[in-house]
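# Overview (structure and organization)
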Amino acid sequence: MSTSITTTPEYTASEPSRPQDGDDAFLDGGVAPLWPILQLALNRSHFARGGVWGALRWNAKMAVSGTAAAPVVVVGPIDSAALADGNNVWRPYFTSGETTLGASHVEGGGSLSASTFYYVYAWSDSAAPANVKFQISTSPPTINGAPTVRTGYKRGETKNFRYLGCFPTDGSGNPIPLRMVNGIYRYDFDSLSVSAPHRLLNAADSASPTWTAVSAAAVVPPHCRNARLHCVLAAAGSTTPGGSAFLRQTGTTANNRSWTFYAVGSHTFETETELNTSQQFDFSTNPLDTTAKLSAWVLGFQE
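These figures come from a predicted structure and were not determined experimentally. (Residues numbered from 1 in each chain as written. Predicted model: local features only at pLDDT ≥ 70, side-chain atom pairs only at ≥ 80, totals over all residues. Heavy atoms only, no water.)

Spatially, β1-β4-β5 is the arrangement adopted by the three strands of the open sheet, whose pairing is antiparallel. Two strands lie at the open edges of the sheet, namely β1 (56-58) and β5 (90-93), each paired on one side alone. Between one strand axis and the next, the sheet turns by 20 degrees as a mean value, whatever way the strands run. In this sheet, β5 lies alongside strand β4 (residues 78-84) in antiparallel orientation, the contact comprising four bridges. Bridging across to β5, A81 finds its partner in Y93. (Pairing = 2+ DSSP bridges. Helix = DSSP H or I, 4+ residues; strand = E, 2+ residues; numbered from the N terminus. Axes fitted to C-alpha atoms, helices over the stretch in contact; angles between N-to-C directions.)

And the structure:
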């Protein structure tokens, strides 16, 4: 009568003895039973599976362009990805070069939706397991009920649909062109809009600083907490020309970043700012004489 085998995911230093030539070999008895050898091998196999669980080695590069009906997502080469299909069968996958994804990879089919973040996954299909497959989905790689906590997999998955990267669409559903390298995203500067969603603010004149919250959620995904900004401080004046700009994470009060320019005109600078869990930051301006206006565009973000 057969019974199930229980394995332990461990690699022990001890080595079992095997029967010598001429000895009788028994599974559970004799001078050197075979069962300890089998148990050790199965335990080490279980350990090996745990060691590759979630393993992903690739060049971590992705480029996005195209239109709502014909998105173009170029995924860099994958050296190795360990994935388990719907039947819980594990396989290693690789690609020999870049892979270009399009409309056929969109989950559910059809054109991309307007003003939506999409996420790119590598997955194993039990119906056709020979090669890795890819999917573009609106389902994020975050824990259900905790949209700011990123995992390595599509929501609800723990062994399949490995997360690679993301991108947003504009008001017409077209992908906002960007490039990603090692989790650092930069939007195509030539494609940045002069208004929303990239241009977040054009501050009104303020003679005394007033903190105002600004949301970058349209171009920074929920699981990210920082944004790269391109800022222009327009300062005017006559007796004491110039002005200051201040940035901080929304919800904080103790610290902020500041820039002061002692000259009339437009002053350009780039910086990173921390975001709260709603992708917001605060800004304020302080004119040294008459006016100080701050404009800001989101250049990218980092996972």
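Still more to cover.
A sheet is described by the order of its strands in space; here three strands give the open sequence β8-β7-β11, paired in antiparallel fashion. Each edge of the open sheet is held by one strand with a lone partner, namely β8 (133-137) and β11 (162-168). Neighbouring strand axes in the sheet, compared pairwise and without regard to direction, differ in orientation by 20 degrees on average. Where strand β7 (residues 117-123) and β8 come together, five bridges link them in antiparallel fashion. Across the sheet, residue V120 finds its bridge partner in β8, namely I136.

On to helix α1 (residues 35-52), then. Residues separated by three or four positions in an α-helix point in the same direction, a consequence of the helix having 3.6 residues per turn. Over its 18 residues, α1 runs 26 Å from end to end, which matches the ideal 26 Å to within 8%, given 1.5 Å per residue. Within α1, the full set of buried residues consists of Q39, L40, N43 and R44. Mapping the buried residues of α1 onto a view down its axis gives an arc of 130 degrees, with all of them on the same face. Following α1 by one or two positions, G54 has its phi on the positive side, about 80 degrees. (Expected span 1.5 Å × (residues − 1). Buried < 20%, exposed > 50% of the residue type's maximum accessible area, 1.4 Å probe, protein only. Arc of directions from axis to C-beta.)

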